[in-house]
Amino acid sequence: MPELPEVEIAARRIATAIKGARVESALAPGMVTMKSFEPALESIAGSRVEGVRRRGKMFVVELGELCLLVHLMSAGRLQVWDKRASLRDRASRLLVRLDDGRELRLREFGTQQRAWAKLLRCEEIEADEMVATLGPEALPAPPTAELAAVLNQPRHLHPLLRDQRVISGIGRSWVDEILWTARLSPFRKGADLEVSDVEALGAACESTLQGALDHYEEVIGPTVPDKLPMPLQVHRRAGEPCPRCGAQIEAIHFKDYVMCYCPAEQTGGRVLKDRRLSRLLK
Ligand SMILES: [Zn+2]
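Along each chain, residue indices are assigned from 1 in the same order as the chain's sequence is written. In keeping with the predicted nature of the model, local features appear solely for residues at pLDDT of at least 70, side-chain atom pairs appear and are counted solely at 80 or more, and the whole-chain, interface and lining totals rest on all residues. Neither water nor hydrogens contribute to the side-chain values; these are computed over all heavy atoms in the structure.

For the chain, the count of helices and strands is eight helices and ten strands. At 20 Å, the chain has a C-alpha radius of gyration in line with the 19 Å of a compact globule built from 282 residues. Along the first, second and third principal axes, the C-alpha atoms of the chain reach 60 × 40 × 40 Å. Should any heavy atoms of two residues lie within 4.5 Å, those residues are considered in contact. The contacts in the chain between residues at least 6 apart in sequence include a share of 63% that link residues at least 24 apart. Secondary structure elements are defined from DSSP: runs of H or I of at least 4 residues count as helices, runs of E of at least 2 residues count as strands, and each element is numbered from the N terminus. For a compact globule the rule gives 2.2 Å times the number of residues to the power 0.38, and the radius of gyration it is set against comes from C-alpha atoms.

The next subject is the sheet that holds strand β1 (residues 23–27). Sheets are built from strands paired through backbone hydrogen bonds, the pairs being either parallel or antiparallel. Taken in spatial order, the four strands make up an open sheet running β1-β6-β7-β5, and their pairing is antiparallel. Either end of the sheet is taken by a strand with one partner, and the two such strands are β1 and β5 (76–81). In this sheet, adjacent strand axes meet at a mean angle of 15 degrees when their direction is disregarded. As a rule, the C-alpha atoms of each element are fitted with a line to give its axis, helices using only the stretch in contact, and angles between N-to-C directions run from 0 to 180 degrees. Strands β5, β6 (92–98) and β7 (103–108) of the sheet are contacted by helix α1 (residues 4–18), whose axis makes an angle of about 25 degrees with β5. Two strands qualify as a pair provided that DSSP identifies no fewer than 2 bridges between them.

This paragraph deals with the environment of threonine 133. Here threonine 133 is to be found in the loop between α2 (129–132) and α3 (144–151). Residues threonine 133 and glutamine 164, 31 residues apart in the sequence, show an inter-C-alpha distance of 7.9 Å. Only 2.6 Å separates the side chain of threonine 133 from the backbone oxygen of glutamate 129, close enough to count as a polar contact. Here a polar contact is recorded for every N or O atom pair within 3.5 Å, except that within protein the pair must consist of a potential hydrogen donor and a potential acceptor, and residues adjacent in sequence are included only if both atoms are side-chain atoms.

Let us look at the side chain of threonine 208. In this structure, threonine 208 sits in helix α6 (residues 195–219). In terms of polar contacts, threonine 208 uses its side chain to reach the backbone carbonyl oxygen of alanine 204, at 2.6 Å. Residues in contact with threonine 208, not counting those within four places in the same chain, are Trp174, Glu177, Ile178 and Thr181.

This part is about unusual backbone geometry. At the junction of glutamate 38 and proline 39, the peptide bond is cis and its omega measures out at 0 degrees in the coordinates. Here proline 39 is to be found in the loop between β1 and β2 (51–55). A positive phi angle, close to 55 degrees, is found at methionine 73, a residue other than glycine. Its relative accessible area of 17% is what places methionine 73 among the buried residues. The phi torsion at arginine 183 lies on the positive side, around 55 degrees, for a residue other than glycine. Among the secondary structure elements, arginine 183 is positioned in the loop between α5 (172–181) and α6. Between buried and exposed lies partly exposed: a residue is buried under 20% and exposed over 50% of the maximum accessible area for its type, with that area taken using a 1.4 Å probe on protein chains only. You can call arginine 183 partly exposed: its relative accessible area is 45%.

So, about the sheet that holds strand β3 (residues 58–63). On the basis of which strands lie adjacent, the open sheet formed by four strands has the order β2-β3-β4-β8 and antiparallel pairing. One side of each edge strand has no neighbouring strand; the edge strands of this open sheet are β2 and β8 (116–121). Neighbour to neighbour, the strand axes of the sheet diverge by 25 degrees on average, direction disregarded. When strand β4 (residues 66–71) meets β8, the two strands line up antiparallel, connected through six bridges. Looking at the pairing, leucine 68 lines up with leucine 119 of β8. The strands touched by α1 within the sheet are β2 and β3, with β2 carrying the most contacts at an inclination of about 170 degrees.

Coordinating donors are taken as N, O and S atoms within 2.8 Å of the metal, stretched to 3.2 Å for Na, K and Ca; because water is absent from the atoms, sites can appear incomplete. Binding of the zinc ion to the protein goes through Cys242 (SG), Cys245 (SG), Cys262 (SG) and Glu265 (OE), at separations of 2.0 to 2.3 Å. Irregular is the default label, applied whenever a site is not tetrahedral (four donors, all angles between 85 and 135 degrees) and neither square planar nor octahedral (four or six donors, opposite donors over 155 degrees apart, all other angles between 65 and 115). Considering all four donor atoms around the zinc ion, the spread of angles at the metal, 99 to 117 degrees, places the coordination shape in the tetrahedral class. Mapping the donors of the zinc ion onto the primary sequence yields the spacing C-x2-C-x16-C-x2-E. For cysteine 245, a relative accessible area of 37% gives the class partly exposed.

Here we take up α5. In an α-helix, one turn spans 3.6 residues; hence positions three or four apart end up facing the same way. α5 sits mainly inside the fold: eight of its ten residues count as buried. Within α5, the full set of buried residues consists of Ser173, Trp174, Val175, Asp176, Glu177, Ile178, Leu179 and Trp180. Packed against the buried residues of α5 are α1, α4 (157–162), α6, β10 (258–261) and α7 (263–266). Within two residues after α5, arginine 183 carries a phi angle of roughly 55 degrees, on the positive side.

Turning next to the state of the cysteines. Cysteine sulfur atoms are paired as a disulfide whenever they come within 2.5 Å of each other. Counted by the stated rule, this structure contains one disulfide. Between cysteine 67 and cysteine 122 runs a disulfide, and the two sulfur atoms are separated by 2.3 Å. In this structure, the disulfide formed by cysteine 67 and cysteine 122 twists by about 95 degrees around the S-S bond and is classed as right-handed. Residue cysteine 67 is found in strand β4, and its partner cysteine 122 is found in the loop between β8 and α2; the two are separated by 55 residues along the sequence. Residue cysteine 67 is classed as buried on the basis of its relative accessible area of 1%. Taking relative accessible area as the criterion, cysteine 122 reaches 24% and is therefore assigned partly exposed.

If you want it as C-alpha cells, here you go:
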C-alpha cells in the first residue's frame, strides 16, 4: 500500500503535470468508487486543477470550490495519462478528462474494488470523517511531547504506528524501517516508552520518510511508475544481513503482512516466534 512518501511524490508529480489544466468531464467506471453523491461528479466539468496535495495517505485534488479526496487503499494508482482510457479497461475506477486530451486516472489492480474517492466542497475536507480522525502527520515528525501523548497507549508499537488515528502516513513497509532506525522492538508498548525512545522514534520518522522522499525526488521522473523503487533496508529483507550490524534480519508473518526486524538491535537478541511457522509445526 502506498504510504506517506509514495503518495507525497505522486501528488507532487501530478500537481506539476496538471496544475492549471481544465477538466472537460469526469466519470467513475468503478461502481463503488465514489463514496459521495452530492455534488455530482459531473459538476467538476469546466473547473481548473488548482493543486494536488496529500493528507495522510490520501490525495486532495483541488478543483476550485470542489476537491476530490482520493484513497488508493492497497492496490490503487493515481496517474496522469496522455490518452484516455479504453472504456474496456477494467482497472479504471475514476477518470478525470482534461480538455487537452490527457486524463487523471485512478486505477486499481486485482479484482477487489476498495480504492475510493469523494467529491467535497474544499472547506469540508478537514471535517470529513476520514480526515478529521487522522492523527498528526508523520512528516514533519510531531514534536516529542505531542508524539509521546499520541503514543501513550498500551498497544504494541507496530500496530500503533500504523494506526492512522494515532499518527498519519505510516503503513506496513515504513513502520519496519522506522522501528529499525530507532532500534526499538515492534513489541514494545507505546505507554512503556522512555522520553529518549520517543525522541528516537520522532527522529526515525523524520529521517526515514524524508529520506524516502528525497530518494524519490532524485530517481523518479515526471511520471510515477506503478512500482516505486522503495529504498527499504529491512522490510522484506528477512534472511539478509542487517545493513548496520550484520545480524540476520528476521521476519514474523501475519495473515496479511510481514514484520521484519533486527534481533541484535531491536529485541535484545531474541528471535520472536514466527506465528506462521509455529502453526505449521503444530
Ligand atoms: Zn542490526
